[in-house]
Amino acid sequence: MIRFKDSVEAGIGETTASVLWAGRSGRRYLMEREREAGVAMAPSRLYALEDNGVIGWAGTAEDLIRDHRAREKFRRLSSGGARMLSLAAPSDPLAVMTLVWDLEGSRRALGRAA
């Protein structure tokens, strides 16, 4: 379910939306939908590309710099029209890896928004 924030403007005529996502573990995450154009990836955020209701890639800006496989997957999904979501990244590298594992391949949570 998408919940629109009425007070936050993401761009000209666009509002950001929060999406409730269920990880493979069953844990739920409230993710922000990013604008389609002009996204500047922040080091403190974890990003995910969603295509047809499934997260095909999850990671950080640093992952795209250091890992050519992550970069290839990101480019392929981006060029195919995948939508970008984000949430605050944990500070612990192991927690980031665990979160990436939990999100990749997962589907949007059914039911009420958080």
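Residues numbered from 1 in each chain as written. Predicted model: local features only at pLDDT ≥ 70, side-chain atom pairs only at ≥ 80, totals over all residues. Heavy atoms only, no water.

## Things to note about the overall build of the protein chain
Here comes step 1: Within the protein chain one finds three helices and six strands.
Here comes step 2: Going from N to C terminus, the protein chain has its helices and strands arranged as β-β-β-β-β-α-α-β-α.
Here comes step 3: Counting every position in the protein chain, which comprises 114 residues, the buried fraction comes to 35%.
Here comes step 4: Counting every atom, the protein chain has about 7000 Å² of accessible surface; 54% of that belongs to carbon and sulfur. (Helix = DSSP H or I, 4+ residues; strand = E, 2+ residues; numbered from the N terminus. Buried < 20%, exposed > 50% of the residue type's maximum accessible area, 1.4 Å probe, protein only. Areas by Shrake-Rupley, 256 points an atom, 1.4 Å probe, with all protein chains shown as cover.)

## Topic: the packing of aromatic side chains
Here comes step 1: What the rule picks out here adds up to one aromatic pair.
Here comes step 2: When the centroid spacing of 5.0 Å and the interplanar angle of 75° are considered together, the rings of W57 and F74 count as edge-to-face. Separated by 17 residues along the polypeptide, W57 in strand β5 (residues 54-59) and F74 in helix α2 (residues 68-79) bring together distant segments of the chain.
Here comes step 3: Take F74: its relative accessible area is 15%, and that puts it in the buried class. (Phe/Tyr/Trp six-rings, centres within 6.5 Å; stacked < 30°, edge-to-face > 60°.)

## Thoughts on the confidence of the model for the protein chain
Here comes step 1: Per-residue confidence for the protein chain gives a mean pLDDT of 83; residues scoring 70 or more make up 80%.
Here comes step 2: Predicted confidence in the protein chain is weakest over strand β1 (residues 2-11), with a mean pLDDT of 36, and strongest over helix α3 (residues 93-103), with 96.
Here comes step 3: Note on residues 1-15: pLDDT is under 50 here. Beyond four places in sequence and across chains, it has 35 contacts. (pLDDT = per-residue confidence, 0-100. Contact = heavy atoms within 4.5 Å.)

## A short note on the side chain of D102
Here comes step 1: With respect to the element layout, D102 can be found in helix α3.
Here comes step 2: Comment: no salt bridge for buried D102; closest opposite-charge side chain is R24, at 5.5 Å.
Here comes step 3: In terms of polar contacts, D102 uses its side chain to reach the backbone amide nitrogen of S25, at 2.6 Å.
Here comes step 4: When near neighbours in sequence (up to four residues on either side) are disregarded, D102 contacts G23, R24, S25, R27 and Y29. (Lys, Arg positive; Asp, Glu negative; His and termini not counted. Salt bridge = Lys/Arg side-chain N within 4 Å of Asp/Glu carboxyl O. Polar contact = N/O pair within 3.5 Å; in protein donor to acceptor, adjacent residues only side chain to side chain.)

## Here we look at the pattern of salt bridges
Here comes step 1: Summed over all chains, the structure comprises three salt bridges.
Here comes step 2: One salt bridge connects E50 with R83, and the closest N-O pair in it is separated by 3.1 Å. Residue E50 is located in strand β4 (residues 45-51), and its partner R83 is located in strand β6 (residues 83-88); the two are separated by 33 residues in the primary sequence.
Here comes step 3: Since its relative accessible area comes to 4%, E50 is described here as buried.
Here comes step 4: Judged by its relative accessible area of 35%, R83 falls in the partly exposed class.

## Concerning the side chain of S106
Here comes step 1: Within the element layout of this structure, S106 appears in the segment after α3.
Here comes step 2: Judged by its relative accessible area of 4%, S106 falls in the buried class.
Here comes step 3: Engagement of the side chain of S106 in a polar contact is seen with the backbone oxygen of A22, the distance being 3.5 Å.
Here comes step 4: Once residues within four sequence positions are removed from consideration, S106 is found in contact with W21, A22, G23, R24, G53, V54 and I55.

## A few points about the nonpolar core
Here comes step 1: W21, M31, L46, I55, A58, L87 and L103 are the most contacted members of the largest nonpolar core, which totals 14 residues.
Here comes step 2: With four residues, the top contributor of residues to this core is α3.
Here comes step 3: Non-local contacts of L46, meaning those with residues more than four positions away in its chain, are made with A58, G59, T60, L85, S86, L87, A88, A89, V96, L99, V100 and L103. (Core = buried A, V, L, I, M, F, W, Y, C linked by side-chain atoms within 4.5 Å.)

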